[in-house]
Every structure is written in C-alpha cells, then in structure tokens.
Amino acid sequence: MVTINKIVRAFTHAGARGKRFTPEMELKRALMSCLLWEDQFYEDGVAIADRIKTLVPLVEPKRVAALAIEAREVMKLRHAPLLVVREMARHEKHRGLVADTLSQVIQRPDEMTELLAIYWADALGPMQQRKRQPVSAQIKKGLARALTKFDAYQLAKYDRDGAVRIRDVLFLVHARPKDADQARVWKQLVDGELASADTWEVSLSSGKDKRETFERLMSEKKLGGLALLRNLRLMQKAEVPRKTIADAIEAMRTDRILPYRFITAARYAPDFEPELESVMLKSIKGYARLAGRTRLLIDVSGSMFHPLSAQSEMTRAEAACGLAILAREVCDEVEIFTFSQDVVKIPPRRGFALRDAIINSQPHGSTFLGKAVTEIDRKGDRLIVFTDEQSHDHVGDPKGRGYMVNVASYQHGVGYGSWTRVSGFSEAVVAWIAASEETMH
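These figures come from a predicted structure and were not determined experimentally.

## A closer look at the overall build of the protein
Of the regular secondary structure elements, the protein holds 23 helices and 6 strands. A separation of at least 24 residues holds for 68% of the contacts in the protein among residues at least 6 apart in sequence. Accessible surface for the protein amounts to roughly 19,600 Å². Of this, 51% is attributable to carbon and sulfur atoms.

Given below as structure tokens:
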C-alpha cells in the first residue's frame, strides 16, 4: 500500500513534474484556499475533503489545531476548519485539543449547526438515525463554550430551518448560561419566541420600500460589509442616493472580507470603483514594506478564469489580482508580469487599473510557469508568483528570494528547492511575506 509519505513521482494536472509535500505542508495547502465540497477546475470538492481527512492524523496535533484556527481567523474560511476539527475528534492523539480549537473556530451561531451536520454526514439514513451517532465529549465541550459567545440578535439571525437547529445544539451539549440574561435568551430560543433579527434579508422580504429599507439599515449600521458589497447593484436599482452608498462603503469594516470580493463587487457595480478601491487598499494600512526590487508574476492561464468553485461566480484570476494589487502597494520598487503561453510585462498601475492591465494583457491559454520564471527571474530580486500552480513545464529554483503563492487547493504543485510556499487568498498572504522578511533583519 502506498502511503502519503512514500517518495513517488507527482505531476500537476497540466503535466509538469510536481512537488510532493510533507503531510503538514499538504494539509496547509489543501486547507488555506479551500471552499469545502465545491468543485474546482481540475479537482472535485469530495477529493479535496477526502485529502484533508487523510492528512489530519498524519500531522502533529498542535499543528493541526493551529492550522484550523489560522484558516478561520486569518484566511477567513468557514467550512474547511470545521471539517478539520471534526476529523481531530476521530483520533486519540488529536482529541484533547478539540474543545479549545472548536470554541475558537466557531465565530457564527450557524457554524455550530454546520459542525454537527458535518459530524453526522458519515452516517446513512434519515437524520433521526444520524442523531443516534454519539457526539464526542470534546465536541460537546467546544460547542458549549461557543454557545455562550452569542447574543439574542445573533442567535435569531442564524436560527434557520434545517436538519439541525441551534436549539438542537443547546439540547445536545447542556451548556450553562453565563448569566440570567443569557438564560432568558436561551429559553426564548427553545420556545421559539426570539424576536426576528432585523437583517437586510428579513427587511427586504417583508415587502417594504427597498430604498427606505437600505437607507435605514445603513444609518443604523445594520448592513455588514459583505452584505453591502453584495447589494450594491440592488441599491442602485432601488435609487438609493449615490452619496449614501459611497459613505457606507468608506465606513465599512474590511477585517472579514477577502480582497477578491472588492473586485467582484466592482464588476457588478462599476460606478463605485473609486470607493471600493480606496477601502480595499485600507486593509493593508500599516503593513511592513518590501524593500528593494520585487517582480510580481501573475498567472492568467485558462484555468485561472474558471470560478473558484462550482458554486461561486468569483475566479482564481480575481483572487490573484486582489493579492497582486495589495502586494504592489507594499513594494518599494516593482515590475509586474503576467504569464500564460507567453510572458508579458505590464505597467505597474495601482488598484483596479492594475486588475485591468493583468486581465487584458494576453490570451488565456496554457500555463508555462517554468518558462516565465526563467525569462524574468534575476539575481538580487524578490519574485512573487500568484498561480494555481498547474504548470505544463518544470519550474526550477528562484535566483533570489522566491515566493510561490498558491490560490488553489490542488494536491500537487510546482516549485522545488528554495521557493517559499504560501497558500490562500486573504490579504494575510501579503502581510506574511512582508512580516517574515522584516523578522530576518
């Protein structure tokens, strides 16, 4: 039987000789840019989920716990960290860290029900049979701690119909309320008497005037950042004043929003590009700078323009563009290139103008990353590549400092030797590169 540690030849989906990673590296790679169970260009979501399940017991327990927390808090992913914690509960060496890890990973009430849905998903038959599968003590302890984090508004907002409800979690774990007010809220939850949360979904579905509803929600600060981005086009259609929308964008929090979401929002609401660009760039304010000369190399091959997953409109090219836009801002000296069949140098523009230059630079065909690196890499420079790593050709060592930023969850990638590997599509990728170099000096 071949194990994951055995030295065998690995190839990318495009045919290049790939790199076989250590179990920890492979788990991080699969996890940090994973939209769980959603199909990608080369691999389906089940294969990625199964790979995560296989890798968890092969990695040291504290590292698994740290990766799950990093995926949730830094990379802003929701479902994949829950799967990791569920898998930790299966294995004796990992079990002792489950409660602490789960209580940190769960940051929304519906993540508790999603965790239980994942836990019971292996059982066959109707939900009544699934519920007979015992839930581990550590999972119960972690869920009980998480329950105490949420107030009445949050519980009402996420208490949705489904196979598992939030009150089911409460019954299962026998959590203790932290005070009398929370005990009262939990009783209302059990009795179905929680007041409906004043969310944009509830308000808009009530039939009230859409313009008035959006204006009220924004004035009362009840429209979160992601909801704001998703509703820009609808607000324009409802004739909400431009200044009202622009002011809301300028004031929004960005700590839970991935960079590519600003690019996608601008695709649907181009009138607000200036405001979206401004708030996107705010997310890297205070980051350490990249001194010296940097060359950015962005993959614009065909696979990058497939959606991030089968359930997403956003593409890996948009994810790469978002990271390139932010990286450009922290570089003292920068040159920017794209690659597919050929290598094209583009102007070092800023913001969405850089996105346009990247996307329109050349036809989106094959992935000749090795050829691109050979052509542009030079001694003394820093080279940062944004790619899904599915190269047709071999990629050698960088001549200077080389970073391979992977925006996909595929099993095999390229780049041997002295490449520094980073996975994900959060702005934390850029922050990590800058901060890691700062600590070297």
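## Remarks on the environment of S340
Tracing the backbone shows S340 in the loop between strand 2 (331-339) and strand 3 (343-346). Since its relative accessible area comes to 1%, S340 is described here as buried. C-alpha of S340 to C-alpha of I298: the two residues are 42 residues apart in sequence and 8.9 Å apart in space. If near-sequence neighbours (up to four positions away) are discounted, S340 is found in contact with V300, S301, Q362, P363, H364, G365, S366, T367 and F368.

## A closer look at the packing of aromatic side chains
What the rule picks out here adds up to 0 aromatic pairs. Positioned over the ring face of Y119 is R86, at 3.9 Å from the centre of the ring. Positioned above the aromatic ring of F368, the side-chain terminus of K371 is 5.6 Å from the ring centre.

## Some details on the environment of A288
As for its position among the elements, A288 is in the loop between helix 19 (273-282) and strand 1 (290-299). Assessed through its relative accessible area of 16%, A288 is described here as buried. For the pair formed by A288 and E437, sequence separation is 149 residues and the distance between their alpha carbons is 8.9 Å.

## Here we look at the pattern of salt bridges
Taken as a whole, this structure holds 34 salt bridges when the rule is applied. D332 is the partner of R289 in a salt bridge, and the nearest nitrogen-oxygen pair spans 2.9 Å. Note that R289 is positioned in the loop between helix 19 and strand 1 and D332 in strand 2, a separation of 43 residues in sequence.

## Focus on the packing of helix 3 (residues 61-73) against helix 6 (residues 98-105)
The geometry of helix 3 relative to helix 6 is characterised by a closest axis approach of 9 Å and an angle of 5° between their N-to-C directions. When the axis of helix 3 is compared with that of helix 6, the two are roughly parallel. Across from A65, A68, I69, R72 and E73 in helix 3, the residues of helix 6 making contact are T101, Q104 and V105. Along the lines of polarity and charge, the residues of the contact of helix 3 with helix 6 split into 4 nonpolar, 2 polar and 2 charged.

What counts, and at which threshold
- Residues numbered from 1 in each chain as written.
- Predicted model: local features only at pLDDT ≥ 70, side-chain atom pairs only at ≥ 80, totals over all residues.
- Heavy atoms only, no water.
- Helix = DSSP H or I, 4+ residues; strand = E, 2+ residues; numbered from the N terminus.
- Contact = heavy atoms within 4.5 Å.
- Areas by Shrake-Rupley, 256 points an atom, 1.4 Å probe, with all protein chains shown as cover.
- Buried < 20%, exposed > 50% of the residue type's maximum accessible area, 1.4 Å probe, protein only.
- Phe/Tyr/Trp six-rings, centres within 6.5 Å; stacked < 30°, edge-to-face > 60°.
- Lys NZ or Arg CZ within 6 Å of the ring centre and 35° of its normal.
- Salt bridge = Lys/Arg side-chain N within 4 Å of Asp/Glu carboxyl O.
- Axes fitted to C-alpha atoms, helices over the stretch in contact; angles between N-to-C directions.
- Parallel < 35°, antiparallel > 145°, perpendicular 65-115°, else oblique.
- Nonpolar A, V, L, I, M, F, W, Y, C, P; charged D, E, K, R; others polar.

Everything listed here is a matter of coordinates, which is why it stays silent on function.
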